[in-house]
Amino acid sequence: MNSSQSGIFSPRMWLDRLDKSPHAMLLLFALSFMETLAVPIPIEVVLIPWMICHPRRKWLIAGTALAGNLSAAVLGYYLGVFAMDQWGEALVGFFGSQEAFDEFSSRIEEDGFMAIVAIGIVPIPFQIAMLAAGAAGYPVLLFGLAAIISRGARYFGLALLVQLFGRSAVKLWERHSKPVGLAGLGLLAVWVWFKLST
């Protein structure tokens, strides 16, 4: 057995257990929801290895991640609609910065739909876009459609890559899975420490 597959903290072993759990998709939905609203670590840290190790479920994994993302995006949008007057400064500070909020608000006024699609594709926090779209009164259906297009392209694009390069991807993952997993845990620990200390 490969050293990256052995041991109690093996990422492959963890993914195998996750995939067999009856609650796997519910957990993925919750992780995607939290990543969209609060946790700044991209959900791809989980999606890529899970799709690679269990390719038969790649489309379901992508769809579940998208559903969690969209649910959180709609909640964030309505926070922008109803909570900005009372808690705007706190929300903007939690999700990003006033400068980023003001900049994206201007982009929505100028580019609207394409501004939301663009920020949804790149692996950067989507929270400011949700708040700004809601605060600006941008139509919720168009906001949802832009989020589906952008985040769907990311998640289903990953599934397509696994479909095309499955065997090569598995070998690469098995060779580098442990360092990637440890790096992800390290990033999460730093983020939690930062939030608790500020």
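Residue numbers restart at each chain and count upward from 1, following the sequence in its written direction. Local features are withheld for residues below a pLDDT of 70 in this predicted model, meaning they are given only at 70 or higher, and side-chain atom pairs are given and counted only at 80 or more; totals for whole chains, interfaces and linings count all residues. Values reported for side chains reflect all heavy atoms of the structure, with hydrogen atoms and water molecules removed beforehand.

1. Thoughts on the pattern of salt bridges
Side-chain pairing between opposite charges can occur once the charged atoms of the two side chains come close. Each reported salt bridge corresponds to a side-chain nitrogen of Lys or Arg within 4 Å of a carboxyl oxygen of Asp or Glu. One pass over the full model with this rule turns up 3 salt bridges. Among the salt bridges present, the one from arginine 56 reaches aspartate 19, with a minimum N-O distance of 2.7 Å. Here the residue arginine 56 occupies a position in the loop between helix H3 (44–53) and helix H4 (58–82), and aspartate 19 occupies one in helix H1 (residues 11–20), the gap between them amounting to 37 residues. Exposure classes here rest on a 1.4 Å probe applied to the protein chains alone. A residue is buried below 20% of its type maximum, exposed above 50%, and partly exposed in between. In this structure aspartate 19 comes out as buried when scored by relative accessible area, which is 5%. Among the salt bridges present, the one from arginine 57 reaches aspartate 19, with a minimum N-O distance of 3.1 Å. In this pair, arginine 57 is assigned in the loop between H3 and H4 and aspartate 19 in helix H1, connecting sequence segments 38 residues apart. Residues arginine 57 and aspartate 19 agree in their burial class; the two are buried. Comment: elements are numbered from the N terminus, with helices defined as DSSP H or I runs of at least four residues and strands as E runs of at least two.

2. Quick word on the packing of helix H6 (residues 98–111) against helix H7 (residues 113–121)
Packed helices, taken two at a time, are described by their axes: the angle between them and the distance between them. Angles run from 0 to 180 degrees between N-to-C directions of axes, and those axes are lines fitted to C-alpha atoms, restricted for helices to the stretch in contact. Axis separation between H6 and H7 bottoms out at 6 Å; the angle between their running directions is 130°. Judged by the inter-axis angle, H6 sits oblique to H7. Each of Phe104, Arg107, Ile108 and Asp111 in H6 lies in contact with H7, whose residues at this interface are Phe113, Met114, Ala115, Ile116, Ala118 and Ile119. In the contact of H6 with H7, the residues fall into 8 nonpolar, no polar and 2 charged. Geometric relationships in this document are graded by angle, where less than 35 degrees denotes roughly parallel, more than 145 denotes roughly antiparallel, 65 to 115 denotes roughly perpendicular, and other angles denote oblique. Working rule for contacts: check all heavy atoms of both residues, and any pair within 4.5 Å makes them a contact. Amino acid classes used here: Ala, Val, Leu, Ile, Met, Phe, Trp, Tyr, Cys and Pro are nonpolar; Asp, Glu, Lys and Arg are charged; the rest, including Gly, are polar.

3. Examining the packing of aromatic side chains
Centres within 6.5 Å are what make two rings of Phe, Tyr or Trp a pair, Trp counting through its six-membered ring; a difference in plane orientation under 30 degrees is then read as stacked, over 60 as edge-to-face, and the rest as tilted. With the rule as written, the count across this model stands at 5 aromatic pairs. Look at tyrosine 78 and phenylalanine 82: their rings are 5.9 Å apart centre to centre, the planes differ by 15°, and that puts the pair in the stacked class. Taken together, the residues span about one helical turn, with tyrosine 78 and phenylalanine 82 both in helix H4 at a distance of 4 residues. Looking at tyrosine 78, the relative accessible area reads 34%, which means it is partly exposed. The exposed category is assigned to phenylalanine 82, whose relative accessible area is 65%. Arranged with centres 6.1 Å apart and planes meeting at 10°, the rings of phenylalanine 126 and phenylalanine 143 form a pair that is stacked. Of this pair, phenylalanine 126 sits in the loop between H7 and helix H8 (127–135) while phenylalanine 143 sits in helix H9 (residues 140–197), placing them 17 residues apart in sequence. Judged on exposure class, the residue phenylalanine 126 and its partner phenylalanine 143 are both buried. Site record: aromatic cluster; members linked through ring pairs are Tyr77, Tyr78, Phe82, Phe126 and Phe143. One Lys or Arg, arginine 151, reaches over the ring of phenylalanine 126 and ends 4.7 Å from the middle of that ring. Either the NZ atom of lysine or the CZ atom of arginine qualifies as a charge over a ring when it sits within 6 Å of the ring centre and within 35 degrees of the ring normal.

4. Considering the side chain of glutamate 44
Tracing the backbone through its elements, the reader meets glutamate 44 in helix H3. Aside from chain neighbours lying at most four places away, what touches glutamate 44 is Pro49, Arg154, Tyr155 and Leu158.

5. Topic: H8
Taken across its 9 residues, H8 has 8 buried, putting it largely inside the fold. Residues of H8 that are buried: Gln127, Ile128, Ala129, Met130, Leu131, Ala132, Ala133 and Gly134. Glycine 137 occupies a position one or two residues after H8 and carries a positive phi of about 75°.

6. Some thoughts on the confidence of the model for the protein
Averaged over every residue, the pLDDT of the protein is 79; residues scoring 70 or more account for 75%. pLDDT is a per-residue confidence score from the predictor, ranging from 0 to 100. Note on residues 1–8: pLDDT is under 50 here. Beyond four places in sequence and across chains, it has 14 contacts.

7. Observations concerning the nonpolar core
For the purposes of this section, nonpolar cores are sets of buried Ala, Val, Leu, Ile, Met, Phe, Trp, Tyr and Cys residues that join through side-chain atoms within 4.5 Å. By size, the foremost hydrophobic cluster in this structure holds 48 residues, and its most contacted members are Leu47, Trp50, Phe104, Ile116, Phe126 and Phe143. Excluding its chain neighbours within four sequence positions, the residues that come into contact with leucine 47 are Leu28, Ile61, Ala65, Tyr155 and Leu158.

8. Overview of the environment of phenylalanine 94
In this structure, phenylalanine 94 sits in helix H5 (residues 84–95). Accessibility expressed as a relative area gives 40% for phenylalanine 94, which makes it partly exposed.

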